[in-house]
Amino acid sequence: MSAHRPSPPADKVALTYGKRTWRYPVLTGSEGEKAVDISTLRQDTGLITLDPGYVNTGACTSDITFIDGERGILRHRGYSIEDLAEHCVFLEVAYLLILGKLPNRQEWQSFSDLMNRHSMIHEDMRDFFLNYPEGAHPMAVLSAMVVSLSSFYPEIEQEDPNEPIDITATRLLSKLRTIAAFSYKKSIGEPFVYPSCRMSYCENFLNMMFSSPVNDYTPDPVVVRALNLFLILHADHEQNCSTSVVRIVGSAGSSLYASISAGICALWGPLHGGANQAVIEMLERILREDRGKVDKVIARAKQRDARTRLMGFGHRIYKTYDPRAKIAKEVCTRLLSRLGMRNDPILEIAMELEEKALADSYFQERHLYPNVDFYTGIAYRAMGIPTNMFTVMFAIGRLPGWIAHWMENRRDPRQKIGRPRQIYVGPTARPFIPMDQR
Ligand code: ACO
């Protein structure tokens, strides 16, 4: 798939600077969003734009995901997140994101066979896990292991035009899940469990996490379905922080593995995917210390200090309820009820926190709603997944999106190496001072 070109410009924006005026074309996307194309701005005027956090800056055109943050709409390749969550398993959505269409039965079978065939990691990579110290964060292990794949599978970095499904992408999708489960087993000192050809993607993951020589684990279909749903909710979210990192690393010509490894590090941050871990830690702190603390946490969050924010709330794009959070909340409450945890105190605190925040003018004025991370951690916790693995779960889910964007960027003839400019505000030229005179 290659990115569509936007419609030919109908309007122009005039920029007057000094005595001259330039006109820049206004481009329109397929859903009506508009952008001023300033690609010749510096060449014309000598000016650059300054936009910290890229709040107003589009870096590419893309035909993968559409978000309308004002109306709470999220679609992948035109399909709504609600439909995909209801009707698909995670791997179908991965196929859709990477290959641009939903698979038919035959395509689905060959994709599943390929995933199965590539699910193991090279035996020598097992040794890497053994040398990490106890307590190593699984996100650090995951990122390091992914970049290490490039030394074990160097031959698969070239796209093969004869292969309908990209082999590098398939291997990465399949192996990331195995690496994640191995990193958990290492952290609790249990032997690794290998993937099984008789299990689906999510069953396999749960089995590699929870079975052991002394525990004949059978994945619960309710948990398997919920896991599929959560991974679908994470699967892509257009030009978010980690995806932009993947694109920009890829734009330098770096391999898929190197780019994804960098994306994993970006996702780890608490303002991004790391928020799901931070949310559960916040809720557990409230439970441990004082139930009445919900009000104190909300009051602290209003201090407008980045360190005291209400984790799992707010979003750069959504100015209404995040559609993924809506689904996550429903699935989470359903899951807990099916698992006999209907009265889970953590869920109760989360719901109280949400209710109070949504009724508070500070959150209303700033359009701050729960984001996807608010309820996912509660569900992962109910599945038995430890807190420090929550962001790993997000990474497994986000992988197809990262791959799709990396490929789109590679194939787009208009893309250049990502290289923002800056306005220098440091000292102007000054004479060098030798060390003994400083
Ligand atoms: N709690 C309290 N206040 C908040 C919160 C929050 N969670 N989020 C934003 N605000 C406030 C800011 O203080 C700011 O107030 P001001 O206008 O009075 O200065 C206003 O809302 C706008 O916030 P920005 O930081 O400008 O919004 P931005 O788009 O840059 O940040 C972000 C978005 C990082 C998600 C932010 O809302 C946040 O830190 N949330 C908590 C962390 C979190 O849940 N991250 C996960 C995001 S989803 C994801 O990445 C998968």
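Conventions adopted
Along each chain, numbering runs from 1 in the same order as the chain's sequence is written. Since the coordinates come from a predicted model, pLDDT governs what is reported: local features require at least 70, and pairs of side-chain atoms require 80 or more to be given and counted, while whole-chain, interface and lining totals use all residues. No hydrogens and no water enter the side-chain calculation; it runs on all heavy atoms of the structure. The buried label goes to any residue with under 20% of its type's maximum accessible area, the exposed label to any with over 50%, and the partly exposed label to all in between, with areas taken from a 1.4 Å probe on protein chains only. Runs of E in the DSSP output that reach at least two residues are strands. Runs of H or I that reach at least four are helices, and both are numbered from the N terminus. Only heavy atoms matter for contacts: two residues are in contact if any of them lie within 4.5 Å across the pair. If even one non-hydrogen atom of a residue comes within 4 Å of a molecule or strand, that residue is called near it. Any pair of nitrogen or oxygen atoms within 3.5 Å is treated as a polar contact; in protein, a donor-acceptor pairing is required on top of that, and neighbouring residues in sequence qualify only through side-chain atoms on both sides. Surface accessibility follows the Shrake-Rupley procedure with a 1.4 Å probe radius. Residue values consider only the protein chains on display as shielding. Under this grouping Gly is polar, as are all residues other than the nonpolar Ala, Val, Leu, Ile, Met, Phe, Trp, Tyr, Cys and Pro and the charged Asp, Glu, Lys and Arg. Two strands pair if DSSP finds at least two bridges between them. By definition here, a salt bridge exists when the distance from a side-chain nitrogen of Lys or Arg to a carboxyl oxygen of Asp or Glu is within 4 Å. In this description, a line fitted to the C-alpha atoms serves as the axis of each element, helices being fitted only across the stretch in contact, and the angle between N-to-C directions of two axes falls anywhere from 0 to 180 degrees. Definitions used for this entry: grid spacing 1 Å over protein atoms alone; cavity, a set of points where a 1.4 Å probe fits but cannot get out; pocket, an open set with protein on both sides within 12 Å along at least 5 of 7 lines; lining residue, one with an atom within 4 Å of a point. Grid points are joined across faces, edges and corners, and a volume is the space filled by probe spheres set on the points. Two joining distances apply to patches: 9 Å for like charges and 5 Å for nonpolar side chains (Val, Leu, Ile, Met, Phe, Trp, Tyr), and every residue must have over 30% relative accessible area and no salt bridge.

**Q** How would you sum up helix H8 (residues 201-210)? Please name residues and give values.
**A** Along H8, nine of the ten residues are buried, which leaves the element largely enclosed by surrounding structure. Of the residues making up H8, those classed as buried are Tyr201, Cys202, Asn204, Phe205, Leu206, Asn207, Met208, Met209 and Phe210. Each element contacted by the buried residues of H8 is listed here: helix H3 (90-99), helix H4 (105-117), helix H7 (167-188), helix H9 (221-234) and helix H18 (390-411).

**Q** Break down the site of the ligand for me, citing the residues and quoting the values.
**A** With respect to spatial proximity, 20 residues lie near the ligand, and among them Arg304, Arg309, Leu310, Gly312 and Arg316 are the closest. Here an oxygen atom of the ligand and a side-chain polar atom of histidine 272 are 2.9 Å apart. When the free accessible area of the ligand is taken as 930 Å², the share hidden by the protein chains comes to 77%. Looking at the shell around the ligand residue by residue, the classes come out as ten nonpolar, five polar and five charged.

**Q** Can you break down the pairing of strand S1 (residues 7-17) residue by residue, with the values?
**A** Pairing analysis gives eight bridges linking S1 to strand S2 (residues 20-28), with the strands arranged antiparallel. Pairing of tyrosine 17 across the sheet is with arginine 20, part of S2. Linking two consecutive strands that pair antiparallel, namely S1 and S2, is a turn of two residues; a positive phi of about 65° is found at glycine 18 within it.

**Q** Residue-level account of the pattern of salt bridges, with values.
**A** On inspection of all chains with the given rule, the structure shows 16 salt bridges. In this structure, arginine 71 engages aspartate 68 in a salt bridge whose closest nitrogen and oxygen atoms are separated by 2.9 Å. Look at arginine 71 and you get exposed, because its relative accessible area is 58%. Residue aspartate 295 pairs with lysine 356 through a salt bridge whose shortest N-O separation is 3.4 Å. Here aspartate 295 is found in helix H13 (residues 293-301), whereas its partner lysine 356 is found in helix H15 (residues 345-358), with 61 residues between them in sequence. With relative accessibility at 44%, the residue aspartate 295 sits in the partly exposed group. Several salt bridges share partner residues, and in doing so they unite Glu284, Asp344 and Arg381 into one network.

**Q** Mind laying out the sheet that holds S2, listing which residues take part and the relevant values?
**A** Ordered by their spatial adjacency, three strands build an open sheet running S1-S2-S3, and the pairing between neighbours is antiparallel. The open sheet has two edge strands, S1 and strand S3 (34-36), and neither has a second partner. Across the sheet, the mean angle from the axis of one strand to that of its neighbour is 30°, orientation sign disregarded.

**Q** Outline the environment of leucine 231, listing residues and values.
**A** Within the element layout of this structure, leucine 231 appears in helix H9. The buried category is assigned to leucine 231, whose relative accessible area is 3%. The spacing of leucine 231 and arginine 398 is 167 residues in sequence and 7.5 Å in space, taken between C-alpha atoms.

**Q** Give me the layout of surface pockets: which residues, what numbers.
**A** As a volume, the second largest pocket reaches approximately 300 Å³. Forming the boundary of the second largest pocket are 18 residues, of which Leu91, Ser112, Met199, Ser200 and Tyr201 lie nearest the centre. Broken down by secondary-structure element, the contributors of at least two residues to the lining of the second largest pocket are H3, H4, H8 and H9. In terms of residue class, the lining of the second largest pocket is built from ten nonpolar, five polar and three charged.

**Q** Tell me what's going on with empty space enclosed by the protein, and back it up with residues and numbers.
**A** With the rule as written, the count across this model stands at three cavities of 30 Å³ or more. Approximately 80 Å³ is the volume found for the largest cavity. Every residue along the wall of the largest cavity is listed here: Tyr132, Pro133, Glu134, Gly135, Ala136, Pro138, Val141, Ser183, Lys186 and Ser187. Elements that contribute at least two residues to the lining of the largest cavity include exactly helix H6 (138-152) and H7.

**Q** Which residues make up the sheet that holds strand S5 (residues 73-76), and what values go with them?
**A** Read across the sheet, three strands follow the order S4-S5-S6 without closing on themselves; strand pairing throughout is antiparallel. At either end of the open sheet lies a strand with only one pairing partner, and these are strand S4 (65-68) and strand S6 (79-80). In this sheet, S5 lies alongside S4 in antiparallel orientation, the contact comprising four bridges. The residue of S5 that forms the bridge with phenylalanine 66 is arginine 75.

**Q** Explain the side chain of threonine 28 to me, and be specific about the residues and the numbers.
**A** Tracing the backbone through its elements, the reader meets threonine 28 in strand S2. A polar side-chain atom of threonine 28 sits 3.2 Å from a polar atom in the side chain of lysine 34. Residue contacts for threonine 28: discarding those within four places in its chain leaves Pro6, Ser7, Glu33 and Lys34.

**Q** Quick rundown of unusual backbone geometry? Include the residues and the values.
**A** Despite not being glycine, tyrosine 54 shows a phi value in the positive range, around 50°. You can see tyrosine 54 is positioned in the loop between helix H1 (41-45) and S4. For tyrosine 54, a relative accessible area of 52% translates into the label exposed. Notably, glutamate 238 is not glycine yet its phi reads approximately 40°, a positive angle. For glutamate 238, the position within the fold is in the loop between H9 and helix H10 (241-251).

**Q** Tell me about a nonpolar patch on the surface, and please be specific about residues and values.
**A** Among the surface-exposed residues, Val13, Val36 and Ile38 lie close enough to one another that they form a single nonpolar patch of about 200 Å² accessible area. Along the chain, isoleucine 38 turns up in the loop between S3 and H1.

**Q** I'd like a description of the side chain of serine 251, backed by residues and values.
**A** One can find serine 251 in helix H10. Of the polar contacts made by the side chain of serine 251, one reaches the backbone oxygen of isoleucine 248; its length is 2.7 Å.

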